[in-house]
Amino acid sequence: MSHKLRIAGWIAVGAVAGALTTVQLQAVARNTLAPLPLEELQQLAAVFGMIKSDYVEPVDERKLISEAISGMVASLDPHSQYFDAKSFKEFREGTSGRFVGVGIEITMEDGLVKIVSPIEDSPAFRAGLKTGDLITRIDDTPVKGLSINEAVKLMRGEPRTKVLLTIMRRDENRTFPVTITREEIRTQSVRARVVEPGFAWVRVSQFQERTVEDFARRVEDIFKAEPKLKGLVLDLRNDPGGLLDAAVALSAAFLPENVTVVSTNGQLADSRFTYKATPQHYLRRGGNDPIRRLTDNTRGILKTVPLVVLVNEGSASASEIVAGALQDHGRATIMGSQTFGKGSVQTVRPLGPTTGLKLTTARYYTPNGTSIQGRGIVPDVLVDETAEGNVFAALRTREADLQKSLDNGNGQPMTEAQRAAEQQRQQEREEARRRIEEEARRNPGQRLVPEFGSAEDFQLQQALNQLRGQPVQVSKTQTVRTEEKKEN
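Worth saying up front: this structure is predicted, and the values here are computed from it rather than measured.

Re the overall build of the chain
Here is step 1: Looking only at helices and strands, one finds 12 helices and 19 strands in the chain.
Here is step 2: Across the 488 residues that make up the chain, the buried fraction comes to 46%.
Here is step 3: Of the roughly 25300 Å² of accessible surface on the chain, 52% is carried by carbon and sulfur atoms.

Details of the pattern of salt bridges
Here is step 1: Counted by the stated rule, this structure contains 15 salt bridges.
Here is step 2: Arg126 serves as the salt-bridge partner of Glu183, at 2.8 Å between the closest nitrogen and oxygen. Here Glu183, found in strand β9 (residues 183-186), pairs with Arg126, found in helix α5 (residues 123-126); they are 57 residues apart in sequence, far enough to count as distant.
Here is step 3: Its salt-bridge partner being Glu172, residue Lys130 comes within 3.7 Å of it at the nearest N-O pair. Residue Lys130 is located in the loop between α5 and β5 (134-138), and its partner Glu172 is located in the loop between β7 (162-169) and β8 (174-181); the two are separated by 42 residues in the primary sequence.
Here is step 4: The partly exposed category is assigned to Lys130, whose relative accessible area is 39%.
Here is step 5: Judged by relative accessible area, which is 35%, Glu172 ranks as partly exposed.
Here is step 6: Taken together, the shared-partner salt bridges connect Lys130, Asp133, Arg169, Glu172 and Arg174 into one network.

Quick word on the packing of helix α8 (residues 244-254) against helix α10 (residues 318-328)
Here is step 1: At a minimum axis distance of 9 Å, the contact between α8 and α10 shows a crossing angle of 25°. As summarised for this structure, α8 and α10 are arranged roughly parallel, according to the angle between their axes. Between α8 and α10 the crossing geometry is right-handed. Contact with α8, carried on its side by Leu244, Ala247, Leu250, Ser251 and Phe254, involves Ala318, Ile321, Val322, Ala325 and Leu326 of α10 and no other residues of that element.
Here is step 2: Across the contact of α8 with α10, the residue classes break down as nine nonpolar, one polar and no charged.

Things to note about the sheet that holds strand β16 (residues 333-336)
Here is step 1: Read from one edge to the other, the open sheet built from six strands follows the order β10-β11-β12-β15-β16-β19, with strand pairing classed as mixed. The open sheet has two edge strands with one neighbour each: β10 (190-196) and β19 (381-382).
Here is step 2: Summarising the sheet, strand β12 (residues 231-235) and strand β15 (residues 307-311) pair through four bridges and their orientation is parallel. In the sheet register, Val233 faces β15, and the bridge partner there is Val308.
Here is step 3: Packing of helix α7 (residues 211-225) onto the sheet brings it into contact with β10, β11 (199-204) and β12, and relative to β10 it is tilted by some 20°.
Here is step 4: The sheet strands contacting helix α12 (residues 458-468) are β10, β11, β12, β15 and β16, and the helix crosses β15 at an angle near 160°.

Description of the side chain of Ser337
Here is step 1: Position of Ser337 among the secondary structure elements: in the loop between β16 and β17 (344-350).
Here is step 2: Of the residues examined, Ser337 reaches a relative accessible area of 0% and is grouped as buried.
Here is step 3: Discounting chain neighbours no more than four positions away, the residues touching Ser337 are Val311, Asn312, Glu313, Ile377, Pro379, Leu382, Val383, Asn390, Gln459 and Gln478.

A closer look at the environment of Tyr365
Here is step 1: Within the fold, Tyr365 resides in strand β18 (residues 356-365).
Here is step 2: Separated by 101 residues in sequence, Tyr365 and Thr264 have C-alpha atoms that sit 6.1 Å apart.

Quick notes on the nonpolar core
Here is step 1: If you look at the biggest cluster of nonpolar residues, it comprises 52 residues, and the most contacted ones within it are Phe207, Phe215, Leu234, Phe254, Leu302, Val309 and Leu326.
Here is step 2: When residues no more than four places from it in sequence are discounted, the contact partners of Phe215 are Val190, Val202, Val204, Leu234, Leu250, Ala253, Phe254, Leu294 and Leu302.
Here is step 3: Judged by nonpolar contacts, the second largest core, of 20 residues, contains Val102, Ile138, Val143 and Leu165.

Considering the packing of α7 against helix α9 (residues 290-297)
Here is step 1: Where α7 meets α9, the axes come as close as 9 Å, and the angle between the chain directions of the two elements is 5°. The angle between α7 and α9 places the two elements in the roughly parallel class. Here α7 contributes Val212, Glu213, Phe215, Ala216, Arg217, Val219, Glu220 and Phe223 to the contact with α9, which in turn contributes Pro290, Ile291, Arg293, Leu294 and Asn297.
Here is step 2: When the residues that make up the contact of α7 with α9 are grouped by side-chain class, the tally is eight nonpolar, one polar and four charged.

Details of helix α3 (residues 61-74)
Here is step 1: Compared with an ideal rise of 1.5 Å per residue, which puts 14 residues at 20 Å, α3 spans 20 Å between its outermost C-alpha atoms and is within 8% of the ideal.
Here is step 2: Structurally, the start of α3 carries an N-cap: the backbone nitrogen of Arg62 is 3.2 Å from a side-chain oxygen of Asp60.

Some thoughts on α7
Here is step 1: An ideal rise of 1.5 Å per residue puts 21 Å on 15 residues; α7 measures up with 21 Å between its terminal C-alpha atoms.
Here is step 2: Taken together, the buried positions of α7 are occupied by Thr211, Val212, Asp214, Phe215, Ala216, Val219, Glu220, Ile222 and Phe223.
Here is step 3: Buried residues belonging to α7 abut β10, β11, β12, α8 and α9.

Quick look at the packing of aromatic side chains
Here is step 1: A full pass over the atoms with the stated rule returns three aromatic pairs.
Here is step 2: The ring of Phe452 has Arg237 lying over it, and the distance from NZ or CZ to the ring centre is 4.0 Å.

A few points about unusual backbone geometry
Here is step 1: Phi at Asp139 is positive, roughly 55°, even though this residue is not glycine.
Here is step 2: Considering the arrangement of structural elements, one finds Asp139 in the loop between β5 and β6 (141-142).
Here is step 3: One non-glycine residue, Ser317, lies in the positive phi region at around 55°.
Here is step 4: With respect to the helices, strands and loops of the structure, Ser317 is situated in the loop between β15 and α10.

Section: the confidence of the model for the chain
Here is step 1: Mean pLDDT over the chain stands at 82; residues scoring 70 or higher make up 78%.
Here is step 2: Here residues 1-30 is a poorly scored stretch, pLDDT under 50, and it has 23 contacts once near neighbours within four places are set aside; other chains count.
Here is step 3: Scored below 50 in pLDDT, residues 484-488 shows 17 contacts in the model against residues more than four places distant or in partner chains.

Comments concerning the pairing of β7
Here is step 1: Inspection of the sheet shows β5 paired to β7 by four bridges, in the antiparallel sense. Bridge pairing in β7 links Arg137 to Thr166.
Here is step 2: Sheet topology note: the β7/β8 ladder contains eight bridges and is antiparallel. Opposite Thr166, over in β8, you have Pro177 as the bridge partner.
Here is step 3: Counted along the chain from β7 to the antiparallel partner β8, the turn is four residues long, and its residue Asn173 has a positive phi close to 55°.

Reading the values: rules and limits
Numbering of residues starts from 1 in every chain and runs along the sequence as written. In keeping with the model being predicted, local features are shown solely for residues with a pLDDT of at least 70 and side-chain atom pairs are shown and tallied solely at 80 or more, while totals for entire chains, interfaces and linings include all residues. Only hydrogens and water are removed before side-chain values are computed, so all heavy atoms of the structure are retained for them. Only DSSP runs of H or I reaching four residues or more are called helices, and only runs of E reaching two or more are called strands; each is numbered from the N terminus. Three labels apply to residues, based on accessible area from a 1.4 Å probe with only protein chains included: buried if under 20% of the type maximum, exposed if over 50%, partly exposed otherwise in between. Only the protein chains shown count as cover for residues, with accessible areas throughout obtained via the Shrake-Rupley method and a probe of 1.4 Å. Here, a salt bridge means any side-chain nitrogen of Lys or Arg that lies within 4 Å of a carboxyl oxygen of Asp or Glu. Between N-to-C directions, angles cover 0 to 180 degrees, with each direction set by a line fitted to C-alpha atoms, over the stretch in contact for helices. Roughly parallel covers angles under 35 degrees, roughly antiparallel covers those over 145, roughly perpendicular covers 65 to 115, and oblique covers all other angles. If you view the pair so one helix is near and one far, a crossing is left-handed when the near helix is turned anticlockwise from the far one by less than a right angle, and right-handed when it is turned clockwise. Residue contacts follow a heavy-atom distance rule, with two residues in contact if any of their heavy atoms lie within 4.5 Å. Each residue is assigned to one of three groups, with Ala, Val, Leu, Ile, Met, Phe, Trp, Tyr, Cys and Pro labelled nonpolar, Asp, Glu, Lys and Arg labelled charged, and all others, Gly among them, labelled polar. Any two strands with at least two DSSP-identified bridges between them are counted as paired. The definition of a nonpolar core used throughout is a set of buried Ala, Val, Leu, Ile, Met, Phe, Trp, Tyr and Cys residues joined through side-chain atoms within 4.5 Å. Expected span, for any helix, means 1.5 Å times one less than how many residues it has. Definition of a polar contact: a pair of N or O atoms within 3.5 Å, with one able to donate and the other able to accept a hydrogen when the atoms are protein atoms, and with sequence-neighbouring residues admitted only if both atoms are side-chain atoms. Here a Phe, Tyr or Trp ring, Trp counted by its six-membered ring, pairs with any other such ring whose centre lies within 6.5 Å, and the pair is stacked when the planes are under 30 degrees apart, edge-to-face when over 60, and tilted otherwise. Over a ring means this: the NZ of a Lys or the CZ of an Arg is within 6 Å of the ring centre and within 35 degrees of the ring normal. Confidence scores here are pLDDT values: one per residue, from the predictor, ranging 0 to 100.

Below, the structure written as structure tokens:
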């Protein structure tokens, strides 16, 4: 029996080797790459064959190959990803701003899913889930040990199906189950309002397919209500980014036509490009140009109105492109905290009708030629989250903290001073965590940081002071982090 299994295993080796040879020939023909390493490919085929023939129980060949591809891509950097059929569908839903799920924005904390915010009027919102709630189980699956993507997959599903979430609410010292019926969620990536006569606030929480159109309509409404606008706050705090063309379009709303917004540089010729504030660089398909319409309907007020851009450690990628462009052109005052530092470009390529590959293909550079990667955007004015200082900043992870993150291309190794600074940040994180937990025990159910855009929003008030020409309470504790070479 063992002999037959080994024969079957070597047949599998031959099949994989043949397939890999075909891939090699196609790769060389298409991209004129150097020949793939034969010895390593033979080892890969040998491992595949041994698993097929010797593993304790049968393994699905397609799953084995899919996992091998996934592991190969994941070893590159934190943002490259192989999409199987399900994750590819979910990715497309995420960029469209529509998906089927329970309706929560989440992060990970101590190995559990933490609710950042329930989306307004979503099933989770109607079920009474709150900011800060921890999800410990999804149906029968413990969350501990899952990645955030695995947790998201379990919570998403088909419309009108149910999912059982086990919630731990620490401020009430209780754990309880909640059954939620999934439905299509339509996220609103733009909010806006006149905060006081002459001054408006526009928040962009993500750059999606509908963001540019939503932004144009919201600002047009503001202009109708306040035609003599004296100042605008563009709020990009906790905006994780999204579509590049949306970032270019939003920048173009504020900048002179045809100036540089961002440039990219990578191995391929088509990854070396300079994006300018012009319709051909942000319109995916012909048709209407929301930015041109916005400029006409507001008589070009966005090109000249005094502007403050609010950013923090959660502002990443596309939001950093906008902040960097407006900063380099002197169009806005950037306020808040140093941004996340995700200055890499991911290109999504289909591998078949239902699978795809998201691959890092270039780095982003601001109009002045500065790399965003690992460093982010440093505000012109550093401002804390509250009058008492930063609450969550020390706990937030930045690009430079991620395993396998790219450097910004300068190739410099981490210095002793940078290592010491990293150890200091680890201590600050632990101290901040203890302070927050203690504060939550003293004031159960209260938000430690006011909602963005509310009257209690300290950073927004400082931005308004900047626009009014009044004193701004700058941070006395924030320091700028330099880009660090990761030692993976």
